[in-house]
Amino acid sequence: MLPAAILLPALIGLLRLMGQRAGLYEMEFGVSLIVSIMIVVFAALIFWTAKQLQRADADRQATHQSLQCSEDRLRRLIENAPLGVAMFDREMRYLAVSRNWIRGMQAHLTNSDVLGKSHFDIHPSMPKRWKDLFRKGLNGETIRTEEDMFDRDDRSEEHTSELQSPCNLVCRLLLEKK
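Every value quoted in this text rests on a predicted model; they were computed, and no experiment measured them. (Residues numbered from 1 in each chain as written. Predicted model: local features only at pLDDT ≥ 70, side-chain atom pairs only at ≥ 80, totals over all residues. Heavy atoms only, no water.)

Attention now moves to the confidence of the model for the chain. Averaged over every residue, the pLDDT of the chain is 79; residues scoring 70 or more account for 79%. Across the chain, the element-wise mean pLDDT spans from 42 in strand β5 (residues 169–177) up to 92 in helix α2 (residues 27–79). Predicted confidence for residues 166–178 stays below pLDDT 50, and this span has 63 contacts to residues more than four positions away or in other chains. (pLDDT = per-residue confidence, 0-100. Helix = DSSP H or I, 4+ residues; strand = E, 2+ residues; numbered from the N terminus. Contact = heavy atoms within 4.5 Å.)

So, in structure tokens, the structure goes:
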């Protein structure tokens, strides 16, 4: 686009000058001709650019809609998973949780209570060994723990088996709640 905007005026000016020197028209007519041609050329360039921008915006909107559909499918898959499943960002904030994950955490919580909040803020009494495992998973390690237990704030015990992968998806199977 930029080369056309730079080269076309020079080319049209050269053609006007050549026609004027060949005696095809006077200087006033040549200037009028070049101005008219420049108006038409730049109007065409503006129209072409507008069409390109419109096409790019339509592609962006289609991509955005496709991404939204994909995110909705992933969210529904996680929400309805038969196991307790949660997805976190790099700061351990909840991005998505399954109903079984919510049931396994604490009875009084809902999706809106945890989404966007830090896992460590929701579970302040979490053992340091678990926090370390989460951090290792966030750094790219695949972590698998066999049955483990910790005491919750409400004096109940949580028994879990855990798989944490580098994609920050954590699956917890609640083996037994005491």
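The rest of the description comes next.
Turning our eyes to something else, we now look at unusual backbone geometry. The phi torsion at M92 lies on the positive side, around 65°, for a residue other than glycine. Within the secondary structure layout, M92 lies in the loop between β1 (84–88) and β2 (94–97). Given a relative accessible area of 1%, M92 falls into the buried group. (Buried < 20%, exposed > 50% of the residue type's maximum accessible area, 1.4 Å probe, protein only.)

Take the packing of aromatic side chains next. The description of an aromatic ring pair rests on the distance of the ring centres and on the angle between the ring planes. In the structure shown here, the tally under the stated rule is 4 aromatic pairs. Centroid distance F88 to Y94: 4.7 Å. Interplanar angle 50°. Geometry classified as tilted. For Y94, a relative accessible area of 2% gives the class buried. (Phe/Tyr/Trp six-rings, centres within 6.5 Å; stacked < 30°, edge-to-face > 60°.)

Quick look at the nonpolar core now. Counting 16 residues, the largest nonpolar core has F88, Y94, V97, W101, M105 and V114 as its most contacted members. Counting residues per element, the ones that place at least two in this core are β1, β2, α3 (99–105), α5 (119–122) and α6 (128–138). (Core = buried A, V, L, I, M, F, W, Y, C linked by side-chain atoms within 4.5 Å.)

Next up on the list: the environment of L14. Inspection of the secondary structure assignment puts L14 in helix α1 (residues 2–21). Among the residues examined, L14 registers a relative accessible area of 44% and is labelled partly exposed. Sequence spacing of L14 and I34 is 20 residues, and the spatial spacing of their C-alpha atoms is 9.8 Å.

Here we come to α1. Taking 1.5 Å per residue, 20 residues should reach 28 Å; α1 reaches 29 Å between its end C-alpha atoms and fits that length. By the burial criterion, the buried members of α1 are I12, G13, R16 and G19. Buried residues along α1 sit against α2. Positive backbone phi, at 80°, marks G23, one or two positions downstream of α1. (Expected span 1.5 Å × (residues − 1).)

Let us look at the side chain of D89. Topologically, D89 is positioned in the loop between β1 and β2. Among the polar contacts made by the side chain of D89, one reaches the side chain of R93 at a distance of 2.7 Å. (Polar contact = N/O pair within 3.5 Å; in protein donor to acceptor, adjacent residues only side chain to side chain.)

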